[in-house]
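Descriptive structure summary
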Amino acid sequence: MEPHAMADHYDVVIAGARCSGASTAMLLARSGLRVLVVDPLPRGRDTLSTHALMRGGVLQLHRWGLLDAIRSAGTPPVSMTTFDYGGETLSIAIEPRDGVDALYAPRRTVLDPVLANAAEAAGADVVHGLAVVDLLRDRTGRVRGAWVADSAQDRREVRADLVIGADGVRSRVARLVGASTEHEAKHTAACVYGYFTGLEDRTFLWAYRPGVSIGLIPTNDARTCVFACVPGHRFGSGRDGIEALFRQAVAAVDAELAAKLALQEPAGGLRAFAGIPGFLRRSAGPGWALVGDAGYFRDPITAHGITDALRDAELLARAVIRGDDRALSSYQTERDELARTLLDVTDRIAAFDWSMDEIQSLHRSLSRAMKAGVDRVRAFDPDARDADPRFFFRAAG
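Figured I'd write up the structure that's included with this text. (Residues numbered from 1 in each chain as written. Predicted model: local features only at pLDDT ≥ 70, side-chain atom pairs only at ≥ 80, totals over all residues. Heavy atoms only, no water.)

Thoughts on the state of the cysteines
Throughout this description, disulfide means a covalent bond between two cysteine sulfur atoms. In total, this model carries one disulfide according to the counting rule given. In this model, C191 is linked to C229 through a disulfide, with the two sulfur atoms separated by 2.3 Å. Judged by the sign of its S-S torsion, about 105°, the bond between C191 and C229 is right-handed. Of this pair, C191 sits in strand 10 (residues 189-196) while C229 is found in strand 13 (residues 224-231), placing the two residues 38 residues apart along the sequence. Grouping residues by exposure puts C191 and C229 together as buried. Looking at C19, it has no disulfide partner, and the nearest cysteine sulfur is the one in C225, 14 Å off. Free of any disulfide, C225 has its nearest cysteine sulfur in C229, 9.8 Å distant. (Disulfide = S-S within 2.5 Å. Helix = DSSP H or I, 4+ residues; strand = E, 2+ residues; numbered from the N terminus. Buried < 20%, exposed > 50% of the residue type's maximum accessible area, 1.4 Å probe, protein only.)

This is how it looks when you write it as structure tokens:
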């Protein structure tokens, strides 16, 4: 959509058209709301990601009717998850259930456009090349819309009854509303990612040794995302430091794999994430809300970010559809109940101070928290779509 075709007023304006923003827009538009989504980057621009969708994320895409598009893009099905603890290996087959017969790890160049296209198909206006740069407020301080601007800083006022920040860990919307950090993790892992060929498999592999972890995630184009994580203080700057960290970490876990990877350059080079402490932010207030990494972020070492984003998009959309500001407050409460254990266990794993017995115990805790998220997705009330989404906007007015 061209910016000049935008309306002057929407029910909802969303900053960010990636996983959480596009999903929220799709669900709200499917419920009949007028939604504008803006994103400063082109549709389908790649971004750093572990890609892995856990069962809850795959179930969401199935429920939304989007899983076939992920499959059609050549995303390989993953039939097994394997945990390697040195002397012990645990493999878990993916059991068919609730329409999910495999896991998937689509490149973000695949997943994000599928979600943005679905939002457009539902009736949302999705505009790339624009960003939310400021907010409109009434005399009471309630958010009543946003200023959006292009790369040349040409600004335009767009009024809305609700503004949602889905604009990542450094969310401008979060800064503009002064969203407080209500809980923060203590540890970060430094992670280096690369895409390699010749590792075709149907398994998510997570391997652990003292002070190091690596993951192998099959994704599109017959490539495998290989990532290596170490304590954050070991992160080095510059290409040589990043490559050395990656090669040494992989060799510490699997010498045979390290030798195989040494024979090729990763497609697009190696990419590094130096680490950001996980957090839970206040994620709702008068006329505004946060979703995805803007409101809740956990270290990528447990590869659960996309699954969380899709779940929270539906939690938020259903809160908006359900009612007034109290419903938005309940959205944050429910999100925090589901997220807190995931965040805390991830923080412990990112500390790298565990023994091999302790990391297995942490993974059992993680598994229970992930199951709670899947159970919540299963329990989403199908009749919620019949609620009157305009109630929120009458109450807000």
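Description of the packing of aromatic side chains
Tallied over the entire structure, the rule returns ten aromatic pairs. With 6.3 Å between their ring centres and 5° between their planes, F83 and Y85 make a pair best called stacked. Residue F83 shares its accessibility class with Y85, and that shared class is buried. Here the aromatic rings of F196 and F246 are separated by 5.9 Å at their centres, their planes lie at 5°, and the arrangement is stacked. Here F196, found in strand 10, pairs with F246, found in helix 6 (residues 238-253); they are 50 residues apart in sequence, far enough to count as distant. Note on F246: relative accessible area 1%, which makes it buried. Following the ring pairs from residue to residue traces out a cluster consisting of F83, Y85, Y208, F352 and W354. Over the ring of Y10 we find R34; its NZ or CZ atom is 5.4 Å from the centre of that ring. The ring of Y296 carries the charged tip of R298 above its face, separated from the ring centre by 4.3 Å. (Phe/Tyr/Trp six-rings, centres within 6.5 Å; stacked < 30°, edge-to-face > 60°. Lys NZ or Arg CZ within 6 Å of the ring centre and 35° of its normal.)

Side note on the sheet that holds strand 12 (residues 212-218)
Sheets are built from strands paired through backbone hydrogen bonds, the pairs being either parallel or antiparallel. Strand order across the open sheet formed by seven strands is 4-3-11-12-13-10-14, with mixed pairing between neighbours. Strand pairing shows two members of the sheet lacking a second neighbour, strand 4 (89-93) and strand 14 (271-273), which therefore form its edges. Averaged over all pairs of adjacent strands, the angle between strand axes in this sheet comes to 15°, irrespective of strand direction. (Pairing = 2+ DSSP bridges. Axes fitted to C-alpha atoms, helices over the stretch in contact; angles between N-to-C directions.)

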